[in-house]
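This is what each chain is made of:
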Amino acid sequence: MRNLQDYRRRIRAVKDLIQVTKAMKTVSAARLRRTQNKVINFKPYATRIKYMLSNLASAIPDAHPLLGETKEEKPLLLVISADKGLCGPFNYNVIKEAERFIKEKEGNFRLIVVGRKGEEGLKRVHPIEKVYKNIFVKLNFSHAMEITKTLIDGFYKNQWDSVFITYTQFFCVGRYSPVTERFVPIEKVEEEEMEEYIFEPEIKLVVEELIKHYIELEVWRILLESSTAENAARMIAMDQATRNAQDMVRNLTLEMNKLRQEKITKELLDIVTAIEAMKKSRT
Amino acid sequence: MGRSKEREEKGLKIDLLTPERKLFLEKEADYVEVPTQAGYIGILSHHLPVMGLLGIGILEIKKGEQNERYAIEEGFFQLEGEKLTLLCKLAWRPEELKIKELEKQKREAFEILKTSDNPEEVEEASKKYTRASIFLSLARG
């Protein structure tokens, strides 16, 4: 049977744990706000880029390799996971979704992973070509530029003819789900009336860069969305953990008090019996 | 691009955005110098519509006596009427540039330029060197 000292020690340990989970919850909440701000700032930019692109849609060559249909003979899968755990089923779900895709394609594709957890989960299933680690701590647009460069370079070198992305869609705090989407080639853009412009440099180069940038933006959007979902998931997980730990403290304290009560009763009983015995021996 | 006095009365309106943040919206200006990939172009009011690629460099905005400068890196610009939209992949105010970091980048690029024979590496390093030098000159004022 446990003694009181054991109980005290355990309660103290759980209370320390509560401090940690509470701190982690606060940190995730702050990170969540920061990424959500980035999402808000991103939207007007994306709208303007889309507007420019639709202005130039008539100048886009019909057979542009980054646009339209493809045979999907040599696909690439990009999986966006997190670097750290302790965020509920977030990583597990993404890995499961990627595994589903892997099964469907019967191993006939290449794999690039963002996030340490995704690497750990997927390297047993399929060889990984490239891993991006630790980008979510200080997520900025240059990460999106770097990843897109890899995607597009491989595309033009004919290492893959299409790109799929598995990532976590974020709907609201507490609602997110993994999804796999075809990503490159992108869908055709709608045309809009164009004014007469002077181009600097020539229009072909501008269009080419715009299309690439459009893909960069999509990568950025997906990184942001995944990061938002990760932080939301961690916030919820840590909140739950704090509550569980608090329950545990309550139960342990109750048990400890019962034990203490028992001890006191026993001691009292001892004393009372002793007194009774003494009384008897006197008479 | 020619400058003429009587045209400067009507002002340009400029938006500068990056995917991460808005630096400013609808800022009024008389004259803007935009770094494109082929060099700087100056834009005054009543300029013809122009669209193109931004390079790495310093964006200069003049309004009256005031003069503002920003470090920008790649992106797109579009001038429609008096509205100039600058969409940069990365952009900083001069006070946001980190002098120490830029100096380090400049030194590293310089080392590569001195030692490497790989043309791809040399090209990248020279780009980095130019970038760091331009931004340093802005950061130091």
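Cut-offs used in this document
- For every chain, the first residue of the written sequence is number 1, and numbering continues from 1 onward in sequence order.
- Labels follow written order: the first chain is A, the first ligand is 1, and so on.
- Predicted model: local features are reported for residues with pLDDT of at least 70 only, side-chain atom pairs are reported and counted for 80 or more only, and whole-chain, interface and lining totals are derived from all residues.
- For side-chain calculations, the full set of non-hydrogen atoms in the structure is used, while hydrogens and water are omitted.
- Secondary structure elements are defined from DSSP: runs of H or I of at least 4 residues count as helices, runs of E of at least 2 residues count as strands, and each element is numbered from the N terminus.
- Burial classes follow relative accessibility: with a 1.4 Å probe on protein chains only, a residue under 20% of its type's maximum area counts as buried, one over 50% as exposed, and anything between as partly exposed.
- The criterion used for residue contact is that any of the two residues' heavy atoms lie within 4.5 Å.
- Every accessible area reported is derived by Shrake-Rupley at a probe size of 1.4 Å, with residue values counting cover from the shown protein chains alone.
- Only the C-alpha atoms count toward the radius of gyration. The rule for a globule is 2.2 Å times the residue count to the power 0.38.
- Charge convention: Lys and Arg are scored as positive, Asp and Glu as negative, and His as well as the terminal groups of each chain are ignored.
- Every charge is mapped onto a representative atom, which is NZ of Lys, CZ of Arg, CG of Asp or CD of Glu.
- Residue ranges for the domains trace back to a domain assignment, done automatically or taken from a database.
- Throughout, buried area stands for the accessible area (probe radius 1.4 Å) lost by two parts on being put together, summed over both.
- Under this definition, polar contacts are N or O atom pairs within 3.5 Å; protein pairs additionally need one hydrogen-donor-capable and one acceptor-capable atom, and for neighbouring residues in sequence, both atoms have to be side-chain atoms.
- For this document, the term salt bridge refers to a Lys or Arg side-chain nitrogen within 4 Å of an Asp or Glu carboxyl oxygen.
- Fitting a line to C-alpha atoms yields each axis, with helices limited to the stretch in contact; the angle taken between N-to-C directions then spans 0 to 180 degrees.
- For classification purposes, angles smaller than 35 degrees are called roughly parallel, those larger than 145 roughly antiparallel, those between 65 and 115 roughly perpendicular, and all remaining angles oblique.
- The handedness criterion is simple: a crossing whose near helix is rotated anticlockwise from the far helix by less than a right angle is left-handed, and one whose near helix is rotated clockwise is right-handed.
- Any residue outside Ala, Val, Leu, Ile, Met, Phe, Trp, Tyr, Cys, Pro, Asp, Glu, Lys and Arg is labelled polar, Gly included; the first ten of those are nonpolar and the last four are charged.

## Things to note about the overall build of chain B
No. 1: Looking only at helices and strands, chain B features two helices and seven strands.
No. 2: Mapped in sequence order, the helices and strands of chain B form the string β-β-β-β-β-β-β-α-α.
No. 3: For chain B, the residues scored as buried account for 47% of the 141 residues in total.
No. 4: Considering only contacts in chain B between residues 6 or more positions apart, those separated by 24 or more positions represent 54%.
No. 5: Total accessible area on chain B is roughly 7,500 Å²; 47% of this is exposed by carbon and sulfur atoms.

## Considering the overall build of chain A
No. 1: Regarding its fold elements, chain A presents five helices and six strands.
No. 2: Reading chain A from its N end, one meets helices and strands in the order α-β-α-β-α-β-α-β-β-β-α.
No. 3: The C-alpha radius of gyration of chain A comes to 30 Å, more than 25% above the 19 Å expected for a compact globule of 283 residues.
No. 4: Counting only residues that meet the buried cut, chain A has 43% of its 283 residues in that class.
No. 5: Of the contacts formed within chain A by residues at least 6 apart in sequence, a portion of 77% connects residues at least 24 apart.
No. 6: When the accessible surface of chain A is split by element, carbon and sulfur atoms take 53% of a total near 16,000 Å².
No. 7: In chain A, 48 side chains carry a positive charge and 40 a negative one; their mean positions are 15 Å apart.

## Here's the deal with the domain arrangement of chain B
Residues and elements named next belong to chain B.
No. 1: Domain annotation of chain B identifies domain 1 (12-95) and domain 2 (98-139).
No. 2: Using only C-alpha atoms to locate each centre, domain 1 and domain 2 end up separated by 24 Å.
No. 3: Taken together, the contacts link eleven residues of domain 1 with seven residues of domain 2.
No. 4: When domain 1 packs against domain 2, close to 760 Å² is buried across both sides, 74% of that on carbon and sulfur atoms.
No. 5: Interface area lost by domain 1 to domain 2 is led by Ile56, Ile58 and Pro94, which between them contribute 52%.

## Description of the side chain of Thr36(B)
No. 1: Residue position: Thr36(B) is located in strand 3 (residues 31-36).
No. 2: A distance of 3.2 Å separates a polar atom in the side chain of Thr36(B) from the backbone nitrogen of Ala38(B).

## What to know about the domain arrangement of chain A
One frequent convention defines the size of an interface as the accessible area lost when the parts assemble.
Residue and element names in this part refer to chain A.
No. 1: If you check the domain split of chain A, you get domain 1 (4-13 + 239-282) and domain 2 (17-236).
No. 2: One C-alpha centre belongs to domain 1, the other to domain 2; they are set 57 Å apart.
No. 3: Each partner contributes to the interface: domain 1 provides eight residues, whereas domain 2 provides seven residues.
No. 4: Roughly 600 Å² is buried in total at the junction of domain 1 and domain 2, and carbon and sulfur atoms are behind 57% of that figure.
No. 5: In this structure, the salt-bridge partner of Asp239 is Lys25, at a minimum N-O distance of 3.1 Å.
No. 6: Taken together, the connections running from domain 1 to domain 2 amount to six residue pairs in polar contact (both at pLDDT 80 or more).
No. 7: A total of seven residues in the side of domain 1 that touches domain 2 trace back to one element, the largest contributor, which is helix 5 (residues 203-282).

## What to know about the packing of helix 1 (residues 4-55) of chain A against helix 5 of chain A
Residues and elements named next belong to chain A.
No. 1: Between helix 1 and helix 5, the least distance of the axes is 6 Å, while the angle of their chain directions is 160 degrees. Classed by the angle they form, the pair helix 1 and helix 5 counts as roughly antiparallel. For the element pair helix 1 and helix 5, the recorded crossing hand is left-handed.
No. 2: In terms of residue class, the contact of helix 1 with helix 5 is built from 31 nonpolar, eleven polar and 14 charged.

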